[in-house]
Amino acid sequence: MDSKIIRTTDLVKHYRMGDQVVEALRGVTLAVDHGEFLVIMGASGNSKIGFVFQQFNLLARTTAVHNVALPLLYAGVGSSERRRRAEASLEKVGLGHRLGHYPNQMSGGGQQRVAIARALINDPPIIMADEPTGNLDTKSGVDILSILQELNVQGITLVMVTHEREVAEHGDRIVHVRDGLVSGTEGVLEKRVAPKSVPEPAGSTGGEGEAS
Amino acid sequence: MKLLESVRTALTALRANKMRSLLTMLGVVIGVGSVILLVSLGSGARSEITTTIQGLGSNLIVVVPFKMNLGGNLMQQGAPQLATNKFTLRTLDEVGTAVGNQDMVSGEIQRSMYMSGGGKRYFGMVTGTRANEFDVRNLKTLEGGRYFSSAEEDSARLVIVIGQTVAKELFGTQDPIGQYVTVKGRKLKVIGVQEVKGKTLMFDQDALSWIPITTAIRLFGTSNPGTIVVKAESTDTVVPEAEKIKAVLGKTLASDEFSVITQSDILGFAQNITKILTYLLGGLAGISLLVGGIGIMNIMLVSVTERTREIGIRKAVGAKTRDIMLQFIVEAVTLSLLGGFIGVMLAVMGSMLYHALFHMKAQVTVWIVLMAFVFSMLVGVFFGVYPARKASRLDPIESLRYE
């Protein structure tokens, strides 16, 4: 069996923004190991694919539990099974007590956790995270990294995009992308470990905290 | 995804924008409501007219002193030719001879005028007729007193039979029998009061009064009956008797100086007119339903643009093109069906109000309600498909980038 979960050879991605064609990737060859926490670093605006987004991308007028259950809805899973699995998934990210909250009743960190719970609902072998901490303050960012590291320990492969060195060092290996090409790869020598996150108290909407 | 889930998703989305959903529905509410109400009023009027005409008696033949074409194309009809009235009391006799029974023929001279009595005045219709009028027209329902006799007709006595409204307006709670009513300066003795007849087509059947035709000729200064009514022996003899009358009158009168009309002629004519009226009203209301549908399409298009991001998220987590399509069509259909339902309710209430206010029948039939429902659903599907297609074809990556 191949030990790689993702392999790309000369991957090219062009997309159109208005009248301009943006060459996001111009020939990327990359391999991701099973269970690896790979970080892709580059200037903001590179490669926008993934399932956990910088913008959270939650449905606004929908509760946390329904947001998380959404992928199951389209997979044809029955309503009680959907709820059970969504609750379990939210439990995993420390939001078991905020099932009925709407996104605008939660902090950015809380919303991102809901997004991670949604990504987890189908028990995926791999999670892609596109600048998951980009819109968060430092403390909430660390909380999210802690959750991602914990999922990685449980065997889920992670591919995370960031342009912050400090965030990148929470992974195993960093791939630098510049101008649509891989410009270098480095193993993280001293992997940072994010302290285990404390569940947000119910009713709190602020995610303030200091840098750790 | 199951249909039930789509309905649930659609309801959530509609509830999230309550005001907008309500206003969008309003177009369909008004459209469906007015279609049902107007068609119901139309068919109510139609059945009322039919009942009224049938109430004339199926063996009634009416002869009028002008040309009246009730058959054929209504659009080519033109106004009736109002020739000089050539009917006289002699014409009555001729008609009587033609059908072989003078007792079955009556003439009418009608005038609207002020009548006074009991210290009050009342504007009503006075009909000068023969003594057999009440038999010919099946009016034999007196509440009190009696009709005038042939003898009273022959000697042009000053007597009058009045309707309930006339009695109430002039004499209030007093017994009108034996009192006097002044018409054209002459005092007429009240000898009879008709039973309550009620209103048909807004016309008060109790506002009528009857006097001997000979008296009418003296009071009104005319000797030309405006109408000759004939009671045929049976329904089967109506047509042959009408033919006989035509033949006899044709000898002395020109073809545009008289018309012989049977109940079925009038019935067919009235039904023809009311049918056109009903279709016309229904058509006009149908246009407002169409406008309501365009309103739905407009709002759904706005909604698709506004919810581009939502569509992107749904697609990113696994919604297929047809899931999104279904969601938006169900939203449009839910709006139009809900609007249709409210419209039906309002129309039923409107027709009850109409009945209470004007005492006229409005027939809300199951058929028309079902039609309006099906039509409003079709409006939803028809005007929902285009926005739904637009929504379902959005590129998820583009939509997620949409601000």
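Bear in mind that the values here come from a model prediction, so they are computed numbers and not experimental data.

A. Highlighting the overall build of chain A. Check the secondary structure of chain A and you find five helices and seven strands. Sequence-ordered secondary structure for chain A, helices as α and strands as β, is β-β-β-α-α-α-β-α-β-α-β-β. In chain A, buried positions account for 39% of the 212 residues. Look at the contacts in chain A between residues 6 or more apart in sequence, and 70% of them connect residues 24 or more apart.

B. Quick look at the sheet that holds strand β5 (residues 157-162) of chain A. Residues and elements named next belong to chain A. Read across the open sheet, the five strands follow the order β4-β5-β3-β6-β7; overall the sheet is mixed. Of all the strands in the sheet, the pair left with one neighbour each is β4 (126-130) and β7 (181-187). Across this sheet, the average inter-strand angle for adjacent strands is 15 degrees, counted without regard to direction. Strand direction decides the pairing type here: strand β6 (residues 173-178) and β7, joined by six bridges, are antiparallel. Bridge pairing links Val175 to Thr185 in β7.

C. Representation of helix α6 (residues 164-171) of chain B in the model. All names here are of chain B. Counted residue by residue, α6 has seven buried out of eight residues, so it is predominantly covered. Within α6, burial applies to Gln164, Thr165, Val166, Ala167, Glu169, Leu170 and Phe171. At the exit of α6 stands Gly172, carrying a positive phi of roughly 60 degrees.

D. Local environment of the packing of helix α2 (residues 18-55) of chain B against helix α12 (residues 366-392) of chain B. Residue and element names in this part refer to chain B. Closest axis-to-axis distance for the α2/α12 pair is 10 Å, and the angle between their directions is 155 degrees. Considered as vectors, α2 and α12 are oriented roughly antiparallel to each other. The handedness of the crossing between α2 and α12 is right-handed. In this structure, α2 uses Val28, Val32, Val35, Ile36, Val39 and Ser40 to contact α12, whose residues at the interface are Ile368, Val369, Ala372, Ser376 and Val379. By residue class, the composition of the contact of α2 with α12 is nine nonpolar, two polar and no charged.

E. Layout of the confidence of the model for chain B. Residue and element names in this part refer to chain B. Averaged over all residues, the pLDDT of chain B equals 86, while 95% of them reach at least 70. For chain B, per-element mean pLDDT is lowest for strand β8 (residues 199-200), which scores 68, and highest for strand β5 (residues 159-162), which scores 94. Predicted complex, confidence summary: ipTM 0.77, pTM 0.66.

F. The arrangement of unusual backbone geometry in detail. One non-glycine residue, Glu131 of chain A, lies in positive phi territory at about 45 degrees. With respect to the secondary-structure elements, Glu131 of chain A resides in the loop between β4 and α4 (138-153).

G. Summary view of the pairing of strand β1 (residues 4-17) of chain A. All names here are of chain A. Burial analysis of β1 places just zero of its 14 residues in the buried class, a small minority of the element. Relative to strand β2 (residues 20-33), β1 runs antiparallel, the two sharing 11 bridges. Residue pairing for β2: Lys13 is matched across the bridge by Leu25.

H. Summary view of helix α3 (residues 108-120) of chain A. All names here are of chain A. In this model α3 runs 18 Å from its N-terminal to its C-terminal C-alpha over 13 residues, within 8% of the 18 Å that 1.5 Å per residue would give. Burial analysis of α3 places 12 of its 13 residues in the buried class, which makes it a mostly covered element. Residues of α3 that are buried include every one of Gly109, Gly110, Gln111, Gln112, Arg113, Val114, Ala115, Ile116, Ala117, Arg118, Ala119 and Leu120, and no others. As for α3, its buried residues are in contact with α1 (64-75), α2 (79-92), β4 and α4.

I. Representation of the nonpolar core. Val68, Ala117 and Leu158 of chain A together with Ile36 and Phe328 of chain B are the most contacted members of the largest nonpolar core, which totals 93 residues. Tyr147, Ile160, Ile162 and Val181 of chain B belong to the second-largest nonpolar core, a separate cluster that totals 27 residues.

J. Spatial organisation of the interface of chain A and chain B. The partner chain B presents 13 residues to the 10 residues of chain A that form the contact. No other element matches α1 of chain A, which puts five residues into the side of chain A that touches chain B. Looking at the side of chain A that touches chain B residue by residue, the classes come out as six nonpolar, two polar and two charged.

K. Main features of the environment of His66 of chain A. Residue and element names in this part refer to chain A. Inspection of the secondary structure puts His66 in helix α1. According to the C-beta neighbour criterion, His66 is buried, with 20 such atoms within 10 Å. A sequence separation of 33 residues divides His66 from Leu99, and the C-alpha atoms of the two residues are 8.4 Å apart.

L. Structural view of the confidence of the model for chain A. Residues and elements named next belong to chain A. On average, residues of chain A score 83 in pLDDT, and 87% of them reach the 70 mark or higher. Looking at the elements of chain A, mean pLDDT is at its lowest for β1, recorded as 83, and at its highest for α2, recorded as 92. The low-confidence segment residues 202-212 (pLDDT under 50) makes 24 contacts with residues lying over four places distant or belonging to another chain.

About the cut-offs
- Residues numbered from 1 in each chain as written.
- Chains lettered and ligands numbered in written order.
- Predicted model: local features only at pLDDT ≥ 70, side-chain atom pairs only at ≥ 80, totals over all residues.
- Helix = DSSP H or I, 4+ residues; strand = E, 2+ residues; numbered from the N terminus.
- Buried ≥ 20, exposed ≤ 12 C-beta atoms within 10 Å, placed from the backbone.
- Contact = placed C-beta atoms within 7 Å.
- Pairing = 2+ DSSP bridges.
- Axes fitted to C-alpha atoms, helices over the stretch in contact; angles between N-to-C directions.
- Parallel < 35°, antiparallel > 145°, perpendicular 65-115°, else oblique.
- Left-handed = near helix turned anticlockwise from the far one by under 90°.
- Nonpolar A, V, L, I, M, F, W, Y, C, P; charged D, E, K, R; others polar.
- pLDDT = per-residue confidence, 0-100.
- Expected span 1.5 Å × (residues − 1).
- Core = buried A, V, L, I, M, F, W, Y, C linked by C-beta atoms within 7 Å.

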